[in-house]
Amino acid sequence: MEQYWQKEIETASREQLTAWQNERLVNTVKRVYENVPYYRAQMEKAGITPDDIKSIDDLHKLPFTYKSDLRDTYPFGLFAVPMEQVATMHASSGTTGKQIVAGYTENDLAIWGDICARQLAAVGCEKTDIVHVSYGYGLFTGGLGLHRGARRIGAVALPVSSGNTARQLTIFQDFGSNILCCTPSYAMYLGESLEEAGIPLDKIKLKAGIFGAEPWTEEMRRMIEKKLGLKAYDIYGLTEIMGPGVAYECSCQKGMHVNEDHFIIEVIDPDTGEVLPKGSEGEIVFSCITKEAFPLLRYRTRDIGVVNYETCECGRTFCRMSKPRGRSDDMLIIRGVNVFPSQIETVLMREGHSPNYQLVVDRINNLDTLEVKVEVTADVFSDTVANLTKAEKKLADSIKSLLGVAVKVTFCAPNTIARSTGKAVRVIDNRKLH
Ligand code: ADP
Ligand code: ZN
């Protein structure tokens, strides 16, 4: 039986959702125009005033907000409330450059707690459950975000944070953690560590995992589920918009429900900026319509995905976004072929390899090269050189035939690729160093 945190909102009719969105968008646009000089200037440049925005049909008239706008106004230039109303701040982990700072009022925090509680309810979290949060605590949004969600739903919020893997395993066993929240790469590492420590699954009580903050594949999901003995759910979010919980997966696991009462999602052509017809793949753009401290409008996430508006079997009416394949700036262009690391991951796992891999990109004699380093088991690694070379070639051929890009595959000994307790570092691009 599907559980909801706020059923009347999560299953509201499309008419009701649209009515909320219209009203909230109009108010937010007015508010930023009045309180954020930068936004006012951008709107003036685009030749519009708040009077031009009467409903969500006018959304496309608003200028986009880019990451560069956040850098230009660093640190607090886009805050829409005076500092005395700001309750806390978070900052992006800076995966792709200078950190950005997000402010939250008390009300923003309450909403964030709600949307994370919606995720927790969807995975079957009860008040008696121990929610083991292994996302990093601190300026990163992962830890405190899910923590607030767990408190909101009335469950036990266990602030383990990331790292100290041996202690995580002890806590699983001694405290009986029920729901694990961390990045998928750390979940994988925890699963491997359980196996290595020889701890059988009946010694732990995990039933569900909430894994996000980085791209991961269905194949990786199945492997994590097996290793940790739980059902693994995807959660999406970004610091600029709120943090984890912008979109959440239900038990149907066919995309993540976007919290449309707080955020409007659009899919655009990343080159022209044009809004694409429903069902097309493109860059995801979000507008915040209830946030007080840091309400970004038409923020270009650079995440590539698709949105599905069909009704979901779980009963929720919020549209669903696909697992983003990765950010457009994570996309590698290798001799003209576009490749996302997650596509390589899919091939590796389909061919029975481990998800412990790293991609090394370089440019040699003006030609891009891509090396796929992948860990193999001790057995495979100690095979004859001739057999190893043959197996590497076989994998390189599969990648070539599926993705259309020639790569060099190098098998590595077990545990030689660094594990991450947060977001995994999948790509080393040496081209940027030249
Ligand atoms: P940083 O930008 O420093 O990495 P964030 O933690 O705010 O900091 O990162 C947000 C980004 O993480 C998103 O824009 C998206 O690219 C990625 N992300 C978050 N959740 C998911 C998910 N479930 N699947 C794929 N990518 C995700
Ligand atoms: Zn659903």
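Please read these numbers as outputs of a predicted model, since none were measured by experiment.

What to know about the coordination of the zinc ion (ligand 2)
Consideration 1: Bound to the zinc ion (ligand 2) on the protein side are Cys-250 (SG), His-257 (NE2), Cys-312 (SG) and Cys-314 (SG), at distances that span 2.1 to 2.3 Å.
Consideration 2: Geometry at the zinc ion (ligand 2) is tetrahedral, judged from its four donor atoms and the angles of 103 to 115° they form at the metal.
Consideration 3: Along the chain, the residues donating to the zinc ion (ligand 2) fall in the pattern C-x6-H-x54-C-x1-C.
Consideration 4: Judged by its relative accessible area of 6%, Cys-312 falls in the buried class.
Consideration 5: Look at Cys-314 and you get buried, because its relative accessible area is 6%.

Describing the nonpolar core
Consideration 1: Counting residues in each nonpolar core, the largest one holds 69 residues, and the members touching the most others are Val-131, Ile-179, Ile-241, Phe-286 and Met-321.
Consideration 2: Broken down by element, this core gets its largest block of residues, eight residues, from helix α5 (residues 106–122).
Consideration 3: Formed by 22 residues, the second largest nonpolar core is a distinct cluster that contains Leu-348, Tyr-357, Ile-399 and Phe-411.

Looking at the sheet that holds strand β17 (residues 357–364)
Consideration 1: One open sheet holds the four strands; their spatial order is β19-β18-β17-β20, and the pairing between them is mixed. With partners counted over all chains shown, the strands left at the sheet margins are β19 (408–412) and β20 (427–429), one partner each. Averaged over all pairs of adjacent strands, the angle between their axes in this sheet comes to 20°, without regard to strand direction.
Consideration 2: In this sheet, β20 lies alongside β17 in parallel orientation, the contact comprising three bridges. Considered in β20, the bridge of Leu-359 is made with Val-427.

Focus on the domain arrangement of the protein chain
It is common to give the size of an interface as the accessible area lost on bringing the parts into contact.
Consideration 1: The domain boundaries assigned to the protein chain delineate domain 1 (1–328) and domain 2 (332–433).
Consideration 2: Between the C-alpha centres of domain 1 and domain 2 the distance comes to 30 Å.
Consideration 3: With 24 residues of domain 1 at the contact, the number on the domain 2 side is 18 residues.
Consideration 4: Contact between domain 1 and domain 2 buries roughly 1,700 Å² in total, counting both sides, with carbon and sulfur atoms accounting for 56%.
Consideration 5: Per-residue buried area on domain 1 facing domain 2 is highest for Thr-217, Glu-219 and Arg-325; these three make up 31% of the total on that side.
Consideration 6: Between the two partners, domain 1 and domain 2, sit two salt bridges.
Consideration 7: A salt bridge links Glu-219 to Arg-350, with the shortest nitrogen-to-oxygen separation between them at 3.4 Å.
Consideration 8: If you look at where domain 1 meets domain 2, you find 10 residue pairs in polar contact (both at pLDDT 80 or more).

Basis of the calculations
Residues numbered from 1 in each chain as written. Chains lettered and ligands numbered in written order. Predicted model: local features only at pLDDT ≥ 70, side-chain atom pairs only at ≥ 80, totals over all residues. Heavy atoms only, no water. Donors = N, O, S within 2.8 Å, 3.2 Å for Na, K, Ca; no water. Tetrahedral: all angles 85-135°; square planar, octahedral: opposite > 155°, others 65-115°. Buried < 20%, exposed > 50% of the residue type's maximum accessible area, 1.4 Å probe, protein only. Core = buried A, V, L, I, M, F, W, Y, C linked by side-chain atoms within 4.5 Å. Helix = DSSP H or I, 4+ residues; strand = E, 2+ residues; numbered from the N terminus. Pairing = 2+ DSSP bridges. Axes fitted to C-alpha atoms, helices over the stretch in contact; angles between N-to-C directions. Domains from an automatic or database assignment. Contact = heavy atoms within 4.5 Å. Buried area = accessible area lost by both parts, 1.4 Å probe. Salt bridge = Lys/Arg side-chain N within 4 Å of Asp/Glu carboxyl O. Polar contact = N/O pair within 3.5 Å; in protein donor to acceptor, adjacent residues only side chain to side chain.

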